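Coordinate inspection notes
One letter stands for each residue in the lines below.
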Amino acid sequence: MLELNSDLAAQIEALYRDMEESYDSVATPIGLTCEGCPDNCCDSYFLHHTYIEWAYLWYGISKLEPAHIQLLKERSAEYEQQACELLKKGVRPQLMCPLNENGRCTLYHYRLMVCRTHGVPASLTRPDGHRFNFPGCFRAQAIIEQSDDDKVGEYSMERTELMKRLVLLEQTFTSGSRHVLPKVKMTIASMVVAGPPMVKTCLSNSDALDSNFR
Ligand code: SF4
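Residues numbered from 1 in each chain as written. Predicted model: local features only at pLDDT ≥ 70, side-chain atom pairs only at ≥ 80, totals over all residues.

1. A word on the confidence of the model for the chain
Interpreting fine coordinate detail is not advised for predicted regions of low pLDDT. What counts, and what does not: Per-residue confidence from the predictor is reported as pLDDT, which spans 0 to 100. Contact definition: two residues whose C-beta atoms, as placed from backbone geometry, lie within 7 Å.
Residues of the chain with pLDDT of at least 70 account for 92%, and the chain-wide mean is 90. Note on residues 201-214: pLDDT is under 50 here. Beyond four places in sequence and across chains, it has 19 contacts.

2. Some details on the environment of Val192
Quick note on the threshold: Only DSSP runs of H or I with at least four residues qualify as helices, and only runs of E with at least two residues qualify as strands; both kinds are numbered from the N terminus onward.
Among the structural elements, Val192 can be located in helix α7 (residues 188-194). In this structure, the C-alpha to C-alpha distance between Val192 and Gln70, residues 122 residues apart in sequence, is 9.9 Å. For Val192, the contacting residues outside a window of four places in its chain are Ile61, Leu72, Lys73, Ser76 and Pro98.

3. Some points on the nonpolar core
The line we're drawing: Any nonpolar core is a set of buried residues, restricted to Ala, Val, Leu, Ile, Met, Phe, Trp, Tyr and Cys, that join up through C-beta atoms within 7 Å. Comment: burial labels come from other C-beta atoms within 10 Å of the residue's own C-beta, placed from the backbone, where a count of 20 or more is buried, 12 or fewer is exposed, and between is partly exposed.
Formed by 38 residues in total, the largest nonpolar core has its most connected members in Leu15, Ile52, Leu57, Val120 and Val192. Looking at this core, the elements with two or more residues in it are α1 (6-30), α2 (51-61), α3 (66-88), α6 (160-173) and α7. Apart from residues lying up to four places away in sequence, Leu57 is in contact with Leu107, Tyr110, Leu112 and Met191.

4. Points about the sheet that holds strand β5 (residues 157-158)
Where we set the bar: We treat two strands as partners when DSSP finds at least two bridges between them.
Sheet architecture is open: three strands sit in the order β4-β3-β5, paired in mixed fashion. The open sheet is flanked by β4 (131-134) and β5, the only strands paired with a single partner. Examined bridge by bridge, strand β3 (residues 122-125) and β5 share two bridges and lie parallel to one another. Pairing of Ala122 across the sheet is with Met157, part of β5.

5. Here we look at the pairing of β4
One ladder, built from four bridges, connects β3 with β4; its direction is antiparallel. Pairing of Leu124 across the sheet is with Phe132, part of β4. What sits between β3 and β4 in their antiparallel hairpin is a turn of five residues, with Gly129 showing a positive phi close to 95°.

6. Re α3
What counts is decided by this rule: The length a helix should cover is 1.5 Å for every residue beyond the first.
The end-to-end C-alpha distance of α3, which contains 23 residues, comes to 33 Å, matching closely the 33 Å that a straight helix rising 1.5 Å per residue would cover. On its buried side, α3 packs onto α2 and α7.

Next up, the structure:
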């Protein structure tokens, strides 16, 4: 059974804080803010891949009133149904995240890594050495294009070490059995609908894995 203990919760909180600092170290000097942006990134279709982030999100959801949780579940089920219909037609969904109310994230403190890193230009080196450069959101790209200061184009959030820490936390959270567990490839809505991650494991026999996503 996966259990997010207080030590792991503190570690993921520290990681999230460092992500925010790293984000700000790029956003501030280039002058990127979400203030007055005509777009809201919370309607972007993103998939998330870790049990620990899923569990931490639910750690936050579980602090809400039961009626609020029920509302989020209903909204999330509706999101999933609409997303599924669009995907069947080959259309990438652009639907507001069910956790967003009046333009704001209701689980802001518990939001996932993608929610924290989207926006600024960033770089990532995979374990196989392959390097990725992300240009940032349309607003960040416009700022860089229009700036006369060459230095502005040099700022980039380095995600590699942050990702490594997330992978290590995921390994600890899953007691080193991540490689035999079902892959996580979920929207936030599907994490809400599914409830907190529940995985019963038989580590001596991976075939006997029984995953139960409530
Ligand atoms: S979890 Fe919060 S920040 Fe992330 S997409 Fe949903 S509403 Fe936006």
